[in-house]
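Chains, contacts and geometry: an overview
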Amino acid sequence: MAFKQHLLKVNKLKVSVNNNIVLNDLNLTVNPGEIHAIMGPNGSGKSTLSKVIAGHPVYKIVDGNIFYKNFSLLNLTPEERSHLGIFLSFQYPIEIPGVSNLDFLRLAYNSKRQFYKQNDVNPIEFLEIVKNKASLINMSINFLTRNVNEGFSGGEKKRNEILQMILLDSELSILDEIDSGLDIDALKIISTGINNFMNEQKAIILITHYQRLLEYINPTYVHVMQNGKIIKTGPFSLAKTLEQKGYKWLEK
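Since the structure is predicted, the reported quantities are computational estimates derived from the model, not experimental observations.

Okay, the pattern of salt bridges next. Across all of its chains, the model carries 4 salt bridges by this definition. Residues Asp169 and Lys202 are paired through a salt bridge, measuring 3.0 Å at the closest nitrogen-oxygen approach. Placement of Asp169 in the loop between helix 6 (154–168) and strand 9 (172–176) and of Lys202 in the loop between helix 7 (184–197) and strand 10 (203–207) is noted, with a sequence separation of 33 residues between them. On the basis of relative accessible area, Lys202 is assigned to the buried category, the value being 8%.

Have a look at this one:
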């Protein structure tokens, strides 16, 4: 049997912010082809974990390590992590007045190409590329000419996040509450886009409070976080149990 390289391995990770421990002895292994859902009560460390993997500078690694394709991420900038294939969606996507969505996406796309010593794509070529990607999530090209997220509804902002993920062709995508604030139609569109993007070379981490997202995107594993660590892992049925019982029963 061929050796299967881990895409992500979080090993005994201990993290602090403002001298407070926010992640404590956390372990997580994600292989290519897997979808991991992370659930847990507010303040359990779910979003913190996503930001630490992406390289947010406010968090201090006290102990442990984060390996991506078997090399440590700890000394890499957020930009380098992104170029290597790690994508983090915003839980609350920000508006950027004065910057068109099309220009923003093209700069991000060409930045990754430059990292790999490839030539930039000109605006005309890029328009055809991004129009094709936008069609995968039923996104009108009118959104491309508007300023980044300015005046977008909650669902449109989340769809724009998925467009970035698809465009950058990320290998490890961390989607932080991508389902929050979505109506059922928007949820279906985004879920279809995520499922079509996923393949055996990629992996996705879904951070969510609700089972409904997992009805459309079937996770390989469901993890429960509490007090900065993963306290339970199970199949999709674990999410259904959490929906029925909440988190109190796990404290035992």
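Turning our attention to the packing of helix 6 against helix 7. In the contact formed by helix 6 and helix 7, the axes pass within 10 Å of each other and the chain directions differ by 10°. Looking at the two axes, helix 6 sits roughly parallel to helix 7. In this structure, helix 6 contributes Gly155, Lys158, Arg159, Ile162, Met165 and Ile166 to the contact, and helix 7 contributes Ile189, Ile190, Gly193, Ile194 and Phe197. Each residue belonging to the contact of helix 6 with helix 7 can be placed in one class, and the counts come to 7 nonpolar, 2 polar and 2 charged.

Turning next to the side chain of Gln91. Among the structural elements, Gln91 can be located in the loop between strand 6 (86–88) and strand 7 (96–100). Residue Gln91 is classed as buried on the basis of its relative accessible area, which comes to 18%. Here Ser47 takes part through its side chain, which lies 3.2 Å from a polar atom of the side chain of Gln91. Non-local contacts of Gln91, meaning those with residues more than four positions away in its chain, are made with Ser47, Lys158, Asp176, Glu177 and Ser180.

Criteria and thresholds
- Numbers given to residues run from 1 along each chain, matching the order in which its sequence is written.
- Totals for whole chains, interfaces and linings use every residue, but because this is a predicted model, local features are given only for residues with pLDDT of at least 70 and side-chain atom pairs only at 80 or more, for both listing and counting.
- Hydrogens and water are ignored here; the side-chain numbers use all heavy atoms of the structure.
- What counts as a salt bridge is simple: a side-chain nitrogen of Lys or Arg found within 4 Å of a carboxyl oxygen of Asp or Glu.
- Counting from the N terminus, the helices are DSSP H or I runs at least four residues long and the strands are E runs at least two residues long.
- Only protein chains enter the accessibility calculation, which uses a 1.4 Å probe. A residue is then buried if its area is under 20% of the maximum for its type, exposed if over 50%, and partly exposed in between.
- The convention used is that axes are lines fitted to C-alpha atoms, helices contributing only their stretch in contact, and that angles between N-to-C directions extend from 0 to 180 degrees.
- Small angles under 35 degrees read as roughly parallel and large ones over 145 as roughly antiparallel, with 65 to 115 read as roughly perpendicular and the rest as oblique.
- When checking whether two residues touch, look at their non-hydrogen atoms; a contact exists if any pair is within 4.5 Å.
- Residue polarity is assigned by list, with Asp, Glu, Lys and Arg as charged and Ala, Val, Leu, Ile, Met, Phe, Trp, Tyr, Cys and Pro as nonpolar; anything else, Gly included, falls into the polar class.
- A 3.5 Å cut-off defines polar contacts: any pair of N or O atoms within that distance qualifies, except that in protein one atom must be a possible hydrogen donor and the other a possible acceptor, and neighbouring residues in sequence count only when both atoms are side-chain atoms.

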